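Next come the chains, spelled out residue by residue.
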Amino acid sequence: MYYPVNEMFQTIQGEGYYSGIPSIFIRLQGCPVHCKWCDTKHTWTCSDTNKISIEELIKKNISNKTWSYIDVKTIIFNIKKQKWKARHIVITGGEPCIYNLSFLTYGLEKNGFTCQIETSGTKLISCSFNTWVTVSPKKHKNTLYSSILRANEIKYPVLKKEDLSYLDAILSILKNRKNCHIFLQPISQNKESLKICIETCIIRNWRLSIQIHKYILIR
Ligand code: SF4
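Computed from a predicted structure; not experimentally measured.

Thresholds applied
- Residues numbered from 1 in each chain as written.
- Predicted model: local features only at pLDDT ≥ 70, side-chain atom pairs only at ≥ 80, totals over all residues.
- Heavy atoms only, no water.
- 1 Å grid on protein atoms, 1.4 Å probe; cavity = no way out; pocket = protein on both sides within 12 Å on 5 of 7 lines; lining within 4 Å.
- Points joined across faces, edges and corners; volume = space filled by probe spheres on them.
- Helix = DSSP H or I, 4+ residues; strand = E, 2+ residues; numbered from the N terminus.
- UniProt positions renumbered as here; feature names shortened; annotations may be inferred.
- Buried < 20%, exposed > 50% of the residue type's maximum accessible area, 1.4 Å probe, protein only.
- Contact = heavy atoms within 4.5 Å.
- Salt bridge = Lys/Arg side-chain N within 4 Å of Asp/Glu carboxyl O.
- Near = heavy atom within 4 Å.
- Nonpolar A, V, L, I, M, F, W, Y, C, P; charged D, E, K, R; others polar.

Approximately 860 Å³ is the volume attributed to the largest pocket. As for the largest pocket, its lining consists of 43 residues, of which Glu 15, Arg 27, Asp 39, Thr 40 and Gly 93 are closest to the centre. Mapped onto the lining of the largest pocket, the elements with two or more residues apiece are strand S1 (2-12), strand S2 (22-28), strand S5 (114-119), strand S7 (153-158), strand S8 (181-186) and helix H7 (212-215). For the lining of the largest pocket, the element with the highest residue contribution is S1, accounting for 4 residues.

Here we take up the UniProt feature "binding site: substrate" (unreviewed entry) in the protein chain. Taken from the UniProt record, the annotation "binding site: substrate" (unreviewed entry) applies to Ile 12, Gln 13, Gly 14, Arg 27 and Thr 92. As for the largest pocket, its lining draws on Ile 12, Gln 13, Gly 14, Arg 27 and Thr 92 from among the annotated residues. Structurally, Ile 12 is set in strand S1. Take Ile 12: its relative accessible area is 28%, and that puts it in the partly exposed class. Each residue touching Ile 12, except ones within four places of it in the same chain, is listed here: Gly 20, Ile 21, Pro 22 and Ile 218. Note that Arg 27 resides in strand S2.

This part covers the pattern of salt bridges. In total, this model carries 8 salt bridges according to the counting rule given. Lys 139 is the salt-bridge partner of Asp 163, the closest N and O atoms lying 3.0 Å from each other. Taken together, the positions of Asp 163 in the loop between S7 and helix H5 (164-174) and Lys 139 in the loop between strand S6 (132-135) and helix H4 (145-150) put the pair 24 residues apart, joining distant regions of the chain. Given the relative accessible area of 33%, Lys 139 is considered partly exposed. Salt-bridge contacts for Arg 204 lead to Asp 168; the nearest nitrogen and oxygen are separated by 2.6 Å. Here Arg 204, found in helix H6 (residues 191-204), pairs with Asp 168, found in helix H5; they are 36 residues apart in sequence, far enough to count as distant. Its relative accessible area of 35% is what places Arg 204 among the partly exposed residues. By relative accessible area, Asp 168 is classed as partly exposed at 31%.

Surrounding the ligand, one finds Cys 31, Val 33, His 34, Cys 35, Cys 38, Thr 40, Trp 44, Gly 94, Ser 120 and Lys 138. For the shell around the ligand, a count of residues per class yields 5 nonpolar, 4 polar and 1 charged.

Following this line, the structure appears as structure tokens:
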């Protein structure tokens, strides 16, 4: 199975449940969801004119539209070749769930890695049983019922107080499920949104996700 990979790099996970954990990010190219405030718009389309080799991809250290079509074996081979110490893999995008991620996640797990997927929840999720699924529902986009039920964590982006009503509708599906962690994340480090998130997290006993990589200026 081949995947269009936009970038692959080692860093610190800056969001949600695994914040602070050394991680290898595999960012897949392609997203049909098109959120207004998306900060990875360069991943939306897979144009052949932007194809690069795996060697160029590994060296890449800027965000742009280039991508490489790579099979699971080559992805794992190249991760091992870098001698990266992180053992946690974050598969993100784009919208990674437009692809069947079972091959990738089972392949990585067989090689000693743990996997996490970051998805909008608008596409069917296909991945290994043990993959940690982070669903980040987008207001006005259709979050699938099956995605909400599969989520290990819900990381909800907040701009205004009104945004919380969509989250409440989603949470009504989960009812009393206790093992799903709820995070609020202010959009684009907006100060007013941060204030809303802090106040709401305290009142509802939820957790705050502040995209620490943007504060400590890492990728
Ligand atoms: S789903 Fe994610 S990658 Fe796609 S447009 Fe929305 S924020 Fe951007």
